[in-house]
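As a plain string of letters, each chain reads:
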Amino acid sequence: MKNQSLLSVTSTSRSGKKGTLQWKLPGSQAGMDLAADLSYERANDQQVPTLRADLQAGGNQLQGRAQLLADHNLEGQLQLQAPQLQALQPLWHALAPALAKGEPARQLAGSLSGQLAWQGRAEADKTNGKNATSSSPRWSWQSQAELQGQALKLDQLSLDKARLNAKLASALSAPLALLLELEQLKSPEAQLPQAQLQLSGSWAQHQLQLSGLGTALLPAALRPAHQPADQPSRSQFQIGLKGSLGAAGTASPAASELPQLWAQGGQWRATGLKLDARVPAATAASKTAKPADKAPAPWLQAQDLALRVDSGPQGQLSGAQFEPGRLELLGAGLRWQQLAWKAAEGPDQLQLDLALEPLAVAPLMARWQPDFGWGGDLVVDGSARIHTLPQLGV
């Protein structure tokens, strides 16, 4: 089918108070039906200018509307109904990077639906003092979004279900809420039967919780005794923290919006950081499980860690530092007094002061070779100190 673009314009003089513009593009591309409809209308001085867009491709539709309200306020909505993502596969083939020889063919399938509503407001930038009236306005915004996905497939990734609900804003003190739920995320290397991410509070003071259940081929040290090496293991994980986002301590003036932090740089701090990952007991899902069975021991655990991440203008990372802390990995205790990285014009700067707490060797070796009969009272410990200033030292 040959593409045909249709353009219609209606205009009047200032006294007529009416103006419309409409553009339509029906057609097809690589066997996929395409249709685009873009229109602008303002019937009179009392009616707000309205821009509408309607894009249809292979049985999928994206609709949008934006209005310019009084006092330089903007309001917009987007609606997505994409029940046939497979019909967009020719477009995905055209946009995606070329495949290396021997890689599986690209795939796109499933369905998506959702909506987005947002409001924007232009305000004078008061941070420039007397020159505020001559500077460009500063935009603040807030939004609400919902998105659902079913039977999604993108190349070698697949996802049975996904659900996102979010309420976000540009003001650091504005309430925010985000909930992301995933079911049966699969790749050739690992699987994520379930996962949930929650964010609440505000950008200035927020709480984050991430939990889920993953399945992957684990190294011998993490596998339960007598489990075959080629049998995937499940691992429960939890991450929790309290965070704060704002300007660096020396920044002036203090930022109150995300765009200001992006422009001048900022600092994100996490406190009360908790990490927990464990392989569930083999009997946890069996009918023979007993109430007296011990809970599975974590292979990774940490409590009350504190982290600081610094960024420069345009969001460029400039440094990260952990406060002195401790974690347990595979039953071994690791402590650090210094753990910091800083970007520099030359080589990046690194400072590490790490200590391994006394560790009994026999129980650890028994995980690798449970039938060998490891025993004894050998204990090891150690330390590592690395710094790059004034020169590399290990």
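Structure: see above.
This text gives an overview of the structure that appears in the document. (Residues numbered from 1 in each chain as written. Predicted model: local features only at pLDDT ≥ 70, side-chain atom pairs only at ≥ 80, totals over all residues. Heavy atoms only, no water.)

## A short note on a nonpolar patch on the surface
A contiguous nonpolar surface patch, about 250 Å² in accessible area, is contributed by Leu38, Tyr40 and Leu51. In this fold, Leu51 is placed in strand S4 (residues 50-57). According to the relative accessible area criterion, Leu51 is partly exposed, its value standing at 41%. (Patch = residues over 30% accessible without salt bridge, like charges linked within 9 Å, V, L, I, M, F, W, Y side chains within 5 Å. Areas by Shrake-Rupley, 256 points an atom, 1.4 Å probe, with all protein chains shown as cover. Salt bridge = Lys/Arg side-chain N within 4 Å of Asp/Glu carboxyl O. Helix = DSSP H or I, 4+ residues; strand = E, 2+ residues; numbered from the N terminus. Buried < 20%, exposed > 50% of the residue type's maximum accessible area, 1.4 Å probe, protein only.)

## Looking at the pairing of strand S8 (residues 138-154)
One ladder, built from 15 bridges, connects strand S7 (residues 108-123) with S8; its direction is antiparallel. Residue Glu123 lies in a different strand from S8, and its bridge partner there is Arg138. Sheet analysis places S8 next to strand S9 (residues 157-169), joined by 12 bridges and oriented antiparallel. By the bridge assignment, Gln148 is partnered in S9 with Arg163. (Pairing = 2+ DSSP bridges.)

## Section: the side chain of Ser202
You can see Ser202 is positioned in strand S11 (residues 190-202). Ser202 sits in the buried class, given a relative accessible area of 10%. Discounting residues that sit within four places of it in the chain, Ser202 has contacts with Leu172, Ser173, Ala174 and Leu176. (Contact = heavy atoms within 4.5 Å.)

## Observations concerning the pattern of salt bridges
As enumerated under the stated definition, the model contains 8 salt bridges in all. Here Arg385 makes a salt bridge to Asp353, at a shortest N to O gap of 3.5 Å. A residue pair is termed long-range when its members are at least 10 positions apart, and Arg385 in strand S20 (residues 379-387) and Asp353 in strand S19 (residues 349-360) qualify at 32 residues. By relative accessible area, Arg385 is classed as exposed at 53%.

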